[in-house]
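Structural overview for review
The lines below spell out each chain.
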Amino acid sequence: MNDKKKSAAAFNALGQASSPQSNRESDEFWSDFRAHARYRVQEESLPSLSWFPIIPRRVLAMASMALLLSIVGVVSLRGPSMDVSNQINSLEVVASHGGVLIMEDESSHGTIVWIMDLENNDA
C-alpha cells in the first residue's frame, strides 16, 4: 500500500472505533466531575503585587502621571525658543575683499553675511 492508502485506512479505522466512554447524561457527567474536583487542590491565585496594597499603587500611579503631565506642560509652554543669539559681534575677513554686508532676517531669525569682491587667489 502506498502512503495515501495507509492514511485513508487509518482514518477510516479511527472513525469506526468507539470511544472508551459512551455518551453519558449531563447529570452523570457533572456528578463525576464534582466527585473528582473534591480531590483536586484548587488554590486561589494570588495577585503578583499582593504585598503592595492597591491604594498606594493607585496613588503612586496618579503621582507619576501628574509629574509626567507637568513636565510635558512646562516644556510645551516654553516652546522652541532656545535663546540662541544670531547676532554677529565681530567679523574678520583675512582675504582681500571690497566690502562686507551683514543682513538679519527677522522672520526666520537668520543672519546673512555677504562678502563682496572677494579675490579667488587669496581665498
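1. What about a nonpolar patch on the surface?
- Taken together, the side chains of Ile88, Leu91, Val100, Ile102, Val113, Ile115 and Leu118 define a hydrophobic patch exposed on the protein surface, amounting to about 490 Å² of accessible area.
- Looking at the nonpolar patch, the elements that each hand over two or more residues are β1 (99-105) and β2 (110-116).
- Relative to the assigned elements, valine 100 resides in strand β1.

2. Comments concerning the packing of aromatic side chains
- On inspection of all chains with the given rule, the structure shows three aromatic pairs.
- Between the aromatic rings of phenylalanine 29 and tryptophan 30, the centroid separation amounts to 5.1 Å while the plane-to-plane angle is 75°, which identifies the pairing as edge-to-face.
- Using a relative accessible area of 37% as the deciding quantity, one classes phenylalanine 29 as partly exposed.
- Residues tryptophan 30 and phenylalanine 33 carry aromatic rings whose centres are separated by 5.3 Å and whose planes lie at 80° to one another, so their mutual orientation is edge-to-face. With tryptophan 30 and phenylalanine 33 both in helix α2 (residues 26-38) and three residues apart, this pair spans about one turn of that helix.

What counts as what
Residues numbered from 1 in each chain as written. Predicted model: local features only at pLDDT ≥ 70, side-chain atom pairs only at ≥ 80, totals over all residues. Heavy atoms only, no water. Patch = residues over 30% accessible without salt bridge, like charges linked within 9 Å, V, L, I, M, F, W, Y side chains within 5 Å. Areas by Shrake-Rupley, 256 points an atom, 1.4 Å probe, with all protein chains shown as cover. Salt bridge = Lys/Arg side-chain N within 4 Å of Asp/Glu carboxyl O. Helix = DSSP H or I, 4+ residues; strand = E, 2+ residues; numbered from the N terminus. Phe/Tyr/Trp six-rings, centres within 6.5 Å; stacked < 30°, edge-to-face > 60°. Buried < 20%, exposed > 50% of the residue type's maximum accessible area, 1.4 Å probe, protein only.

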